[in-house]
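Here are the chains, one letter per residue:
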Protein chains: 2
Amino acid sequence: MSKSYSVAILGATGAVGTELLSLLEERHFPVAQLRLLASPRSAGTIVTFAGENIPVEPVSDRSFDDIDIVLASAGGSTSKAYATKAVAAGAVFIDNSSAFRMHPDVPLVVPEVNPQAAATHKGIIANPNCTTILMNVAVYPLHQVSPVKRIVAATYQSASGAGARAMEEVKAQAQAILAGNTPITEIFPYPLAFNLFPHNTPLNDQGYCEEEMKMVNETRKIFAEPQLQITATCVRVPVLRAHSEAINLEFEQSLSVAEAKEILSQAPGVRVVEDFAANYFPMPIDASGRDEVLVGRIRQDISHPRGLELWLCGDQIRKGAALNAVQIAELLVAKNLLQPSEVAAV
Amino acid sequence: MSKSYSVAILGATGAVGTELLSLLEERHFPVAQLRLLASPRSAGTIVTFAGENIPVEPVSDRSFDDIDIVLASAGGSTSKAYATKAVAAGAVFIDNSSAFRMHPDVPLVVPEVNPQAAATHKGIIANPNCTTILMNVAVYPLHQVSPVKRIVAATYQSASGAGARAMEEVKAQAQAILAGNTPITEIFPYPLAFNLFPHNTPLNDQGYCEEEMKMVNETRKIFAEPQLQITATCVRVPVLRAHSEAINLEFEQSLSVAEAKEILSQAPGVRVVEDFAANYFPMPIDASGRDEVLVGRIRQDISHPRGLELWLCGDQIRKGAALNAVQIAELLVAKNLLQPSEVAAV
């Protein structure tokens, strides 16, 4: 009989938490016991998993006793409050927040890109930012064959990136606008329905927002390329779920479109979607609920002899968050990496 | 008493035609007589202009008798059918379609950028594509001070770019989706509400769509820089009106953010919109109905020592189409350029 594991989901009632539950069931993750944790506000909800009704418990210092794997998606402050406690209790803490991503003792893992980094964990493994994951799954296979020198990215990010309530807010705003009323903004600073705006995370002194700097710094860490040149413009668009990205790549040596397509058609986690006659390329509605990052419009950059352009869409909640976290858990199980050699000093 | 002119609007009932009428009135264009022309399908509609009810007439070969200026926005095939007839009848034909934009005998004019080109007209003057106009208004002032070598653009284009019916389609789709029904697509090939897709114009052998090649070729012609390196990814987003663009610029010599902001704050047709504390930058809802191109997020490209990033929004119907055409008419009147020296051989 194969081994099974005690799993805790921290932030079980959020958009990513809900998806984590679906994925554990759908992918037949060997769950021996499932503990659902959330803030006291959300505790008490009953969630069905594999035919069983499981109550959501308020998270506490003792929530991680006997837990092997924590899948955390309750925000940075909750992760900071509980990660070391979970690790001290013997669990591996797979964290979807940005709290530990850039910590030198915490591997930042996209299983299709740097699975080897997971082996170095000291109890905490970070799940990268959604836009980073989607870009990395598409770009890394090319980078392995022909090193990328510079990336210029522009994102088209759905409401789901701000959680389940943000998705409801956009729908309510659209309803209001269609009825001739003023849209109400609570989660987002400005109306998003029938509008768009630069990503509303704090800006640094250079005028880049946090979301953009995540794409820059996390990609460098995941690729283990601290010198990789990256710039990004991150924009929220009135799409419910699945992010899109326009990616301009400059290579050290030229890589042909045919080679790039061949590489991407074989790449794990990627699906090439291109029907030129039908003008059919990746779209958020097609990426939603799917595991793969859809990539298309792979073309020679006509402005640069060593450039390629590509366009991608990926499910922000799934591969951009929950699926990547479950894949990390699967990797730990498959490679027998649950026991850290030492505990991270975060 | 100052001179006034007989003006015909070809395509008077479309989204751009309606805006042309508003702008002629709002800007006190010296209209002696106004003739409203449309396809037989749309003829018969009564339109109010300056307090007068004017019937929309079906366009015919004799529609341009006694007309000084035609403002055409009825599509390329209609422009091709009537432009030379209007010119033969003594009118200047200001064309919003793409029919003649790249013709060597037809100047392609953005009044803030290349007003001098209007003086070379031979009866027909082309109004550039919306995305081109918006980008050029923002980029040319920088290019004049510090030559731009390469542009990497990603667009976020509203439904208005496909006309008034497309705007209605997006609203109807949103209504259907919110009610749990399947959205109907008639104008667009795929649902646009709560979704987005690469611009649905035909693709060339290199995989670039027509909209992208307009940005490339038209900008080169307007800037009179045939070697300027440009690449673009054009995307339709579920915004009703006003396009947005993420623009990455590489200069021959570095240009500082402070210099760029100073140049843009003085540039005609540009309004710098940047409030870092409030995370407030150009948005389509703020650009809609406004004349200026809103520019913000002007920042040093952290991936390139001679690069700048910027973000813009502009009203696609107004500066992206109707306003630019009316400005061309104003330029012809102000510079006494209505009479061509010779007639274009298009």
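Because the structure is predicted, anything quoted here is derived from the model rather than measured. The residue numbers shown here count from 1 along each chain, following its written sequence. To label them, take the chains in the order written and letter them from A, then take the ligands in the order written and number them from 1. Side-chain atom pairs in this predicted model are given and counted only at pLDDT of 80 or more, local residue features only at pLDDT of at least 70, and totals for whole chains, interfaces and linings cover all residues. Side-chain calculation: all heavy atoms of the structure are included, whereas hydrogens and water are not.

Trainee: Hey, could you run me through the overall build of chain A in this one?
Mentor: We count a stretch as a helix when DSSP gives it H or I for four or more residues in a row; a strand needs E for two or more, and each element gets its number in order from the N terminus. When helices and strands are counted, chain A shows nine helices and 15 strands. Relative to the 2.2 N^0.38 estimate, which gives 20 Å for 346 residues, the radius of gyration of chain A is 20 Å and therefore close to what a compact globule would have. Principal-axis analysis of the C-alpha atoms gives chain A an extent of 60 × 55 × 45 Å. Counting over 346 residues, chain A shows a buried share of 59%. When contacts within chain A are restricted to residue pairs at least 6 apart in sequence, those whose partners lie at least 24 apart make up 67%. The Shrake-Rupley method, run with a 1.4 Å probe sphere, supplies the accessible areas, and residue values consider only the shown protein chains as cover. When the accessible surface of chain A is summed, it comes to about 12,600 Å², and 49% of that surface belongs to carbon and sulfur atoms. Across chain A, the 27 positively charged side chains and the 36 negatively charged ones have centroids separated by 2 Å. This radius of gyration counts C-alpha atoms alone. The globule rule is 2.2 Å times how many residues there are, raised to the power 0.38. Relative accessibility thresholds used throughout: buried, under 20% of the residue-type maximum; exposed, over 50%; partly exposed, between the two (1.4 Å probe, protein chains only). Contact criterion: two residues are considered in contact whenever any of their non-hydrogen atoms come within 4.5 Å of each other. In this charge count, Lys and Arg are treated as positive and Asp and Glu as negative; neither His nor the chain ends contribute. Each charge is placed at NZ for Lys, CZ for Arg, CG for Asp and CD for Glu.

Trainee: How should I be thinking about the interface of chain A and chain B in this particular structure?
Mentor: Listed by partner, the interface residues are 61 residues for chain A and 61 residues for chain B. Approximately 5,200 Å² of surface area, both sides summed, lies buried where chain A meets chain B, with 62% of it carried by carbon and sulfur atoms. A pair is scored as a salt bridge if a Lys or Arg side-chain nitrogen falls within 4 Å of a carboxyl oxygen belonging to Asp or Glu. The tally of links between chain A and chain B comes to six salt bridges. For Arg150(A), the salt bridge is made with Asp301(B), and the minimal N-O distance between the two is 2.6 Å. For this analysis, a polar contact is any N or O atom pair within 3.5 Å, provided that within protein one partner can donate a hydrogen and the other can accept it, and provided that sequence-adjacent residues contribute only side-chain to side-chain pairs. At the junction of chain A with chain B, the criterion picks out 28 residue pairs in polar contact (both at pLDDT 80 or more). Partitioned by chemical class, the residues of the side of chain A that touches chain B number 37 nonpolar, 17 polar and seven charged. A simple way to read buried area is as the amount of 1.4 Å-probe accessible surface that goes missing from two parts once joined, with both sides added. Under the grouping applied here, Gly and all other residues not named as nonpolar or charged are polar, the nonpolar ones being Ala, Val, Leu, Ile, Met, Phe, Trp, Tyr, Cys and Pro and the charged ones Asp, Glu, Lys and Arg.

Trainee: What exactly am I supposed to notice about the domain arrangement of chain A here?
Mentor: Many descriptions give the size of an interface as the accessible area lost when the pieces come together. All names here are of chain A. Residue ranges assigned to the domains are those given by an automatic or database domain assignment. Split into domains, chain A comes out as domain 1 (5-128 + 321-334) and domain 2 (132-316). Distance from the C-alpha centre of domain 1 to the C-alpha centre of domain 2: 25 Å. Across the contact, 18 residues belong to domain 1 and 18 residues belong to domain 2. When the area that domain 1 buries against domain 2 is broken down by residue, the three leading residues are Met102, Glu112 and Val113, summing to 32%. Run the count over domain 1 and domain 2 and you get three salt bridges. Of the charged contacts, one joins Glu218 and Arg101 as a salt bridge, the two residues approaching to 3.0 Å between their closest N and O atoms. At the boundary of domain 1 and domain 2, one finds six residue pairs in polar contact (both at pLDDT 80 or more). Listing elements by their share of the side of domain 1 that touches domain 2, those giving two or more residues are helix H1 (15-26) and helix H9 (318-334). Broken down by element, the residue count for the side of domain 1 that touches domain 2 peaks at three residues, all from H9. Of the residues in the side of domain 1 that touches domain 2, the class split is nine nonpolar, five polar and four charged.

Trainee: So what exactly am I meant to see when it comes to the environment of Ser42(A) here?
Mentor: All names here are of chain A. By secondary structure assignment, the location of Ser42 is in the loop between strand S2 (31-38) and strand S3 (46-49). Spatially, the C-alpha atoms of Ser42 and Val7 are 19 Å apart, while their sequence positions differ by 35 residues. Among residues more than four places away in sequence, those in contact with Ser42 are Thr13 and Val56. Only 3.4 Å separates the side chain of Ser42 from the side chain of Thr13, close enough to count as a polar contact.

Trainee: What should I look at first to understand the sheet that holds strand S3 (residues 46-49) of chain B in this one?
Mentor: Backbone hydrogen bonds hold the strands of a sheet together, and the pairing may be parallel or antiparallel. Residue and element names in this part refer to chain B. Taken in spatial order, the seven strands line up as S3-S4-S2-S1-S5-S6-S7 in an open sheet, and their pairing is mixed. The sheet is open, and its two borders are formed by S3 and strand S7 (124-126), each paired with just one other strand. Across the sheet, the mean angle from the axis of one strand to that of its neighbour is 25 degrees, orientation sign disregarded. The sheet contacts of helix H2 (residues 76-88) involve strand S1 (5-10), strand S5 (69-72), strand S6 (92-95) and S7, and relative to S6 the element is tilted by about 155 degrees. DSSP bridges decide pairing: two strands pair if at least two such bridges lie between them. Helix axes use the C-alpha atoms of the stretch in contact, all axes being lines fitted to C-alpha atoms, and the angles between their N-to-C directions lie in the range 0 to 180 degrees.

Trainee: Would you explain the packing of helix H4 (residues 130-145) of chain A against H9(A) in this entry?
Mentor: When two helices pack together, their arrangement is captured by the angle between the axes and the distance separating the axes. Residue and element names in this part refer to chain A. Across the interface, H4 lies against H9 with an axial gap of 8 Å and an inter-helix angle of 85 degrees. Overall, the two elements H4 and H9 adopt an arrangement that is roughly perpendicular. Of H9, the residues touching H4 (which contributes Cys130, Ile133, Leu134 and Val137) are Lys319, Gly320, Ala321 and Asn324. Residues of the contact of H4 with H9, tallied by class, amount to five nonpolar, two polar and one charged. To sort the angles, those under 35 degrees are grouped as roughly parallel, those over 145 as roughly antiparallel, those from 65 to 115 as roughly perpendicular, and the leftovers as oblique.

Trainee: Whenever I open this one, helix H9 (residues 318-334) of chain B confuses me. Can you help?
Mentor: Residues that lie three or four places apart on an α-helix share one face, since the helix turns once every 3.6 residues. Residue and element names in this part refer to chain B. The end-to-end C-alpha distance of H9, which contains 17 residues, comes to just 21 Å, noticeably less than the 24 Å that a straight helix rising 1.5 Å per residue would cover. The seven residues ending at a residue and the seven starting there each receive a fitted axis; the angle between those axes is the bend at that residue. In H9, a bend of some 35 degrees at Asn324 exceeds every other bend along the element. Downstream of H9 by a residue or two, Asn336 has a phi angle that is positive, lying close to 55 degrees. To estimate how far a helix should reach, multiply one less than its number of residues by 1.5 Å.

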